[in-house]
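Reading the structure
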Amino acid sequence: MEKGVRRTIRQTVLIVLGMCLFVVALVPLYDLFCEITGLNGKTGGPYSFDPATSQPDTSRLIKVNFITNTNAGMSWAFWSEKGGIRVHPGELKEVNFFIKNTTDKVMMGQAIPSLVPVSATQYFHKTECFCFNQQILQPGEEMAMPMRFIVDRDLPKNVQSINLSYALFDITDAMGDAVVTGG
Amino acid sequence: MSEVIHTDHHDDHDHGPDKGLARWLFTTNHKDIGTLYLWFSFLMFLIGGVMALVIRTELFQPGLQFVQPEFFNQMTTNHGLIMVFGAIMPAFVGLANWLVPMQVGAPDMALPRMNNLSFWILPFAFSMMISTLFMEGGGPNFGWTFYAPLSTTYAPDSVTFFIFAVHMMGASSIMGSINIIATILNMRAPGMTLMKMPLFIWTWLITAYLLIAVMPVLAGAVTMMLFDIHFGTSFFNAAGGGDPVMFQHIFWFFGHPEVYIMILPAFGVVSHIIPAFSRKPLFGYDSMVYAVASIAFLSFIVWAHHMFTVGMPLAGQLFFMYATMLIAIPTGVKVFNWTATMWRGSMSFETPMLFAVAFVVLFTIGGFSGLMLAITPADYQYHDTYFVVAHFHYVLVPGALFSIIAAVYFWFPKWTGKMYNETLGKLHFWLSFIGVNVTFFPQHFSGLAGMPRRIPDYALQFADFNMVSSVGAFIFGFSQLFFLYVIIHGIRSGTPAAARAWEGAKGLEWTIPSPAPYHSFTHPPVVRDEEVRG
């Protein structure tokens, strides 16, 4: 085979392989981008809160609204004790959420948060949230789950209200044995 | 399609092509493979067309009369998949196979055996994909854009076959593109510098690079789907921490360059036909090349204009809006250059020219609706309505498809050695022109009035536009059966054609006999400037 053809094949195959690597890298890069910018509305992992260093900003009141949804096919009841509360930035607040397994089977659920406006995602910190873990409920069992959060003092000035929405998914199938043993 | 002509070969073992089925199964000849691709794409076009007619039959009147919604969704999905991957793309590859070696003065493609493999993968891939319609649970029903999790968690069991078919088809495209690039970069006749290459060669060179860049991304998307479906991963499953919006980003990063892959060769075809029938060289050769390169580059940075309503921040929406509108500029340069080519030309309007001029006008109309869609706040109104359907059908049907038909009429004498019947060709043109506009122009209005896409039944206020559109679809559909007749009639009983079948045609392919010899340019030709750049 002619040398030029061989060289072109080498170069084009390298491009193909490079683009394969690109699409593989795209997944962690996408997650990293979302984590840094908060553009996907996810509020991140547990936040360690030091009460000594956080002073509530009493000059601002932020309305935080809570929305609970169950994904299609997830038959649990899911609600929050309050539709929304007003908080000062820097103030630790607790809200209770409730889930109830209305079926006759042991099931496992996972709540996924989504927050708007996206400019507020990086400023909403949760020290405790049921969304950090999976929840296993026996048939008929009801559970109260506290969620503790602080709105950061540096929340952009133009944000006056935040909507935090949870979608509850049925992940019983994905977890297999863990559901049966409850562990 | 090409007869065997024994020219004065020095080879003593030249005994022409094999006879019978073996010839077509094992051929490494670019002309045979081009023929295979073209007939395959025509068959797929008719199959996809039947699906379109099922859709338009159901949509002829409000109410559900003929098919269940679940089957309707399979029709819309497979119509899209077959037309995009089975009709338009293989047709352009068929044109590339026939024309690239002849136009650069090469004896064949760089890798003739891989060329055979690239073709024969396709009938297997599409047999597998179409057979899913007959499987339990039905075939793909999630739109040709197969967003996850509809295409993962909620897909029929046959989705795995769909994924494998996409893998196979992607492999075929990648191998074909490597072949085309290797041929164009290494096997041009002496004297044919890059800026003397015919426009069809330029557009295919650039298209081939687009293909090798984005086909792996599509492969990645469907592989991630495969893993989510079968191996418990959560790329696109929110419950497991994944993100359905990521699917859309990955898909459209492939998908937007894909639609330019489907139009750039069309630009090349039209850039050959218009100068031929204007008896004038193409206006602005250099800017035509730069415009195609700009369009290809820009095509990588506009993908999210398919996702304006997904919850993107303002900065993202603005960027993608501006970048998308920017593509109109090099495209406009091309439209103006085709027009300037015709200006003060000595024009005649044979069938290829009719299709080429219709392309320029109707593709531009499709471009205008595209500009409207690019305006983000306006797109919130148009997104997922028939306005989008009207847009892409204008750029794909009187756009890409008309250019393919124009190419078939234009190079028909070169491939077959016969002239098709000009009166029949013109009749095919007018039926197609009327049919395509009656079908798709009303869809702008039903879209603006709020009719959503991908629905088997609709609110009463959309009834009139839908009825007109369905009538047009049947006119257009049956015109293409007439096209088949024109082709076969031409092959069987056309008058013999000259080497330069069209007096204004320029290019190395017009310097060899019609039909082109089975092996052409076994010795490199002399490249004269007037022949290539005209």
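Residues numbered from 1 in each chain as written. Chains lettered and ligands numbered in written order. Predicted model: local features only at pLDDT ≥ 70, side-chain atom pairs only at ≥ 80, totals over all residues.

1. Things to note about the overall build of chain A
- Secondary structure assignment for chain A yields 3 helices and 9 strands.
- Of the regular secondary structure in chain A, the N- to C-terminal order runs α-β-β-β-β-β-β-β-β-β-α-α.
- Taking 2.2 N^0.38 as the reference for a compact globule, 183 residues should give roughly 16 Å; the C-alpha atoms of chain A span a radius of gyration of 22 Å, well beyond that estimate.
- Taking the principal axes of the C-alpha coordinates as reference, chain A spans close to 75 × 50 × 30 Å.
- Residue burial in chain A is summarised as follows: out of 183 residues, 24% are buried. (Helix = DSSP H or I, 4+ residues; strand = E, 2+ residues; numbered from the N terminus. Rg over C-alpha atoms; globule rule 2.2 N^0.38 Å. Buried ≥ 20, exposed ≤ 12 C-beta atoms within 10 Å, placed from the backbone.)

2. Observations concerning the pairing of strand β1 (residues 62-70) of chain A
All names here are of chain A.
- Relative to strand β3 (residues 84-87), β1 runs antiparallel, the two being bridged by 4 bridges. What sits directly across from I62, in β3, is V87.
- In this sheet, strand β9 (residues 161-170) lies alongside β1 in parallel orientation, the contact comprising 8 bridges. In the strand pairing of β9, F66 is matched with L164. (Pairing = 2+ DSSP bridges.)

3. Some points on the domain arrangement of chain A
- When its domains are assigned, chain A resolves into domain 1 (1-37) and domain 2 (62-181).
- Taking the mean C-alpha position of each, domain 1 of chain A and domain 2 of chain A sit 39 Å from one another. (Domains from an automatic or database assignment.)

4. Comments concerning the interface of chain B and chain A
- Taken together, the contact between chain B and chain A spans 23 residues of the former and 24 residues of the latter.
- Of all the secondary-structure elements, those providing two or more residues to the side of chain B that touches chain A are α5 (159-186), α6 (199-230) and α7 (244-261) of chain B.
- By residue number, the principal contributor to the side of chain B that touches chain A is α5 of chain B, which donates 6 residues.
- Of the residues that constitute the side of chain B that touches chain A, the class distribution is 17 nonpolar, 5 polar and 1 charged. (Contact = placed C-beta atoms within 7 Å. Nonpolar A, V, L, I, M, F, W, Y, C, P; charged D, E, K, R; others polar.)

5. Brief notes about the nonpolar core
- Ranked by size, the top nonpolar core spans 177 residues in total, and within it I88, A221, I273, F355, F359 and A406 of chain B carry the most contacts.
- At 22 residues, α6 of chain B tops the list of elements feeding residues into this core.
- Other than its neighbours up to four places away in sequence, I88 of chain B contacts M83, M262, L396, A400 and L401 of chain B.
- Of all hydrophobic cores here, the second largest spans 31 residues; its members include V64, C129, I162 and L164 of chain A. (Core = buried A, V, L, I, M, F, W, Y, C linked by C-beta atoms within 7 Å.)

6. A word on the sheet that holds strand β8 (residues 142-151) of chain A
Residue and element names in this part refer to chain A.
- With antiparallel pairing, the 4 strands of this open sheet are ordered in space as β2-β4-β8-β6. Two strands bound the open sheet, and with one partner strand each, they are β2 (77-80) and β6 (124-128). Neighbour-to-neighbour, the strand axes of the sheet open up by a mean angle of 30 degrees, direction not taken into account.
- Judged from the 4 bridges that link them, β6 and β8 form a sheet pairing that is antiparallel. Pairing of K126 across the sheet is with F149, part of β8. (Axes fitted to C-alpha atoms, helices over the stretch in contact; angles between N-to-C directions.)

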